[in-house]
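What follows is the residue order along each chain.
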Amino acid sequence: MARSNGYNFAIPNVISNSASRFHRLTPRLCIALLFLPVMASLTHAQAEDWSVPEQQLATKIVANTGRGPVWLTFENRSSLGRRDSEIIQNGLRSTLDSVGIKPATSSQGVSAVTIVLSENAHSYVWVAQIQPMQAQPSVVVVSIPRTADVSNGDDSFPMAIKKISLWQQNSPFLDVLVLEDGAASSRIAVLEPERIAIYRLQNGKGQLEQSLLITHATAWPRDVRGRVVPGGDHLLDVYLPGVLCRSNATSPYRLSCHASDEQWPLVLNNPANSTRAGFASGQNFFAGAITPAVGKYTSVTPFYSAAVVIHGTSALWMFSGIDRHVHIVDGESDRITPMSWGSDIATLKSTCGAGWQVLATGPEEDKPDSMRAYEVPDRDPVPVSAAVEFAGAVSSLWTEPRGDTAVAVVRNQGTGGYEAFRLAMACVQ
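Residues numbered from 1 in each chain as written. Predicted model: local features only at pLDDT ≥ 70, side-chain atom pairs only at ≥ 80, totals over all residues. Heavy atoms only, no water.

Draft legend 1. Highlighting the pattern of salt bridges. What the rule picks out here adds up to 14 salt bridges. Here R187 and E209 are joined by a salt bridge, their closest N and O atoms 3.1 Å apart. In this pair, R187 sits in strand β8 (residues 185-191) while E209 sits in strand β10 (residues 205-213), placing the two residues 22 residues apart along the sequence. Owing to a relative accessible area of 8%, R187 belongs among the buried residues under this scheme. (Salt bridge = Lys/Arg side-chain N within 4 Å of Asp/Glu carboxyl O. Helix = DSSP H or I, 4+ residues; strand = E, 2+ residues; numbered from the N terminus. Buried < 20%, exposed > 50% of the residue type's maximum accessible area, 1.4 Å probe, protein only.)

Shown next as structure tokens:
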């Protein structure tokens, strides 16, 4: 979602769409131009010279593994097309062979090397994750400046975002919590500004089971936000600006609400699930205080939403700041990354790629939203999926309790109604 004081900035040559138009061309010239894209696709891979970075990476790898057999695997998490990816992989195999590294026929009893082709806003980044037989694991990296016109069609992305309709209604709602999830039927709790509505879903229809009133002493801000989460020993908790509501454990359910500055949970069901942030009362963003601290940081820039990626035992946090920037906080530094994102981001834990992805809306304002998935193999996020489109602005995006899906709430620009979608990652390559 592009909020009223969100941000809108673009990074050239990262992800772009272009269109061209012919004006009063002769038939012969038109025919010649029609063949140019075909010829470019046939000759581009030959024109791109990857030999220098291939040699650099091979030299770094052999310094860690020594000569001999190695169990070698590749992953393409960049926007390079399949053809370019295959050429690079074949070139690396040949260069590794020239320095004495031979492909092993089995992963048993040999060093293992995984080469990841990734990128950031300015460079292609090749990362070799090395597991030697008799030494500690290591990582070596080679960066190659980006060049124009390298193929980056949507078919080159290793993942896709699955978008499944979860709930829709004419009146506004803020969030949806799935209480029961079955093939035949399920139950959901829909958070509206003034109530929690519990529905039984069956055969594509929703039957209202119970409506729980939300009481609050002060008026909601104009762009009210809220979150509904599982309650542990009771059904659910509801977080709203300056208000906390808790239900009882069994039906018929009751909701107890009171004024509260309790911090909201940011991400559920992952190693960082204890991290919470204080919501700015009367506003539509988080004030910046976080508990527990992320390394030396007890507070960050005020932000709309957050996502986290786990690297081993460390957590890398991303915050979509109200200062129009995306902040990456690793516990030692707060760095602004040059990514063109909107104000809604969320974490997914999947079986694809590196296992952790970040969903991020686009920066467009006054237009329907789109969303991509990203990974962070180096210093900057890298797109790993094509964009999925929505019929309007995303007003809410939260990771679900299981961690492998997220729920996005969208206001349909055409109908004016609201719809919730469940989002998950699908492995393509």
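Draft legend 2. Looking closely at the sheet that holds strand β29 (residues 406-412). Sheet architecture is open: four strands sit in the order β6-β30-β29-β28, paired in antiparallel fashion. Each of the sheet's edge strands pairs with one partner strand only, and the pair in question is β6 (159-169) and β28 (392-399). Between one strand axis and the next, the sheet turns by 25° as a mean value, whatever way the strands run. Across six bridges, the pairing between β29 and strand β30 (residues 418-427) is antiparallel. (Pairing = 2+ DSSP bridges. Axes fitted to C-alpha atoms, helices over the stretch in contact; angles between N-to-C directions.)

Draft legend 3. Seen up close, the state of the cysteines. Under the defined criterion, the tally for this structure stands at two disulfides. Two residues share a disulfide in this structure: C245 and C257, whose sulfurs sit 2.1 Å from each other. Of note, the bridge from C245 to C257 carries an S-S torsion of about 110° and is right-handed in sense. Highlighted residues: C245 in strand β13 (residues 243-247) and C257 in strand β14 (residues 255-259), separated in sequence by 12 residues. Residues C245 and C257 agree in their burial class; the two are buried. At a sulfur-sulfur separation of 2.0 Å, the disulfide partner of C352 is C427. As the torsion about the S-S bond is roughly -100°, the C352-C427 disulfide counts as left-handed. In this pair, C352 sits in the loop between β23 (345-349) and β24 (356-361) while C427 sits in strand β30, placing the two residues 75 residues apart along the sequence. (Disulfide = S-S within 2.5 Å.)

Draft legend 4. Here's a closer look at unusual backbone geometry. Of the consecutive residues S251 and P252, the connecting peptide bond is found in the cis state with omega at 0°. Among the secondary structure elements, P252 is positioned in the loop between β13 and β14. Looking along the chain, the bond that leaves T291 and enters P292 is cis, with omega of -10°. Here P292 is to be found in strand β17 (residues 286-294). One non-glycine residue, R324, lies in positive phi territory at about 75°. With respect to the element layout, R324 can be found in the loop between β20 (314-321) and β21 (326-329). Its relative accessible area of 43% is what places R324 among the partly exposed residues.

Draft legend 5. Expanded view of the sheet that holds strand β5 (residues 138-145). Read across the sheet, five strands follow the order β2-β1-β3-β4-β5 without closing on themselves; strand pairing throughout is mixed. Bordering the open sheet on either side are β2 (101-103) and β5, each of which pairs with just one other strand. Strand-to-strand twist in this sheet, taken as the mean axis angle between neighbours without regard to direction, amounts to 30°. In the sheet, strand β1 (residues 68-76) pairs with β2 via three bridges, with the strands oriented parallel. In the sheet register, P69 faces β2, and the bridge partner there is K102. Along the sheet, helix α2 (residues 51-65) makes contact with β1, β2, β3 (111-119), β4 (123-131) and β5, crossing β5 at roughly 170°. Set on the sheet, helix α3 (residues 82-98) makes contact with β1, β2, β3 and β4; between it and β1 the angle comes to about 165°. (Contact = heavy atoms within 4.5 Å.)

Draft legend 6. Summary view of the side chain of D175. With respect to the element layout, D175 can be found in strand β7 (residues 175-181). It turns out D175 is buried and unbridged, and the closest side chain with the opposite charge, R227, is 4.7 Å from it. Side-chain polar atoms of D175 contact the backbone nitrogen of V228, separated by 3.1 Å. Those residues in contact with D175 that sit more than four places away from it in its chain are A189, V190, L191, G226, R227, V228, W398, V407 and V409. (Lys, Arg positive; Asp, Glu negative; His and termini not counted. Polar contact = N/O pair within 3.5 Å; in protein donor to acceptor, adjacent residues only side chain to side chain.)

Draft legend 7. Up close: α3. When the terminal C-alpha atoms of α3 are compared, their 24 Å separation across 17 residues agrees well with the 24 Å that a helix rising 1.5 Å per residue should span. Among the residues of α3, those classed as buried are D84, S85, I88, Q89, G91, L92, T95 and L96. For α3, the buried positions fall inside an angular range of 165° around the axis, keeping them on one side. What points out from α3, more than 90 degrees from its buried face, is the exposed set R83 and S98. Looking at the residues trailing α3, positive phi occurs at G100, about 100°. (Expected span 1.5 Å × (residues − 1). Arc of directions from axis to C-beta.)

Draft legend 8. Structural context of the packing of α2 against α3. Where α2 meets α3, the closest approach of the two axes is 9 Å, and the angle between their N-to-C directions is 50°. One element, α2, and the other, α3, form an angle in the oblique class. In this structure, α2 crosses over α3, and the sense of that crossing is right-handed. Facing E54, Q55, L57, A58 and I61 of α2, the residues of α3 in contact are I87, I88, G91, L92, T95 and L96. Residues belonging to the contact of α2 with α3 are distributed by class as follows: seven nonpolar, three polar and one charged. (Parallel < 35°, antiparallel > 145°, perpendicular 65-115°, else oblique. Left-handed = near helix turned anticlockwise from the far one by under 90°. Nonpolar A, V, L, I, M, F, W, Y, C, P; charged D, E, K, R; others polar.)

Draft legend 9. Region of interest: the environment of S395. Assignment of secondary structure puts S395 in strand β28. Along the backbone, S395 and A408 are 13 residues apart, and their C-alpha atoms lie at a distance of 7.5 Å.

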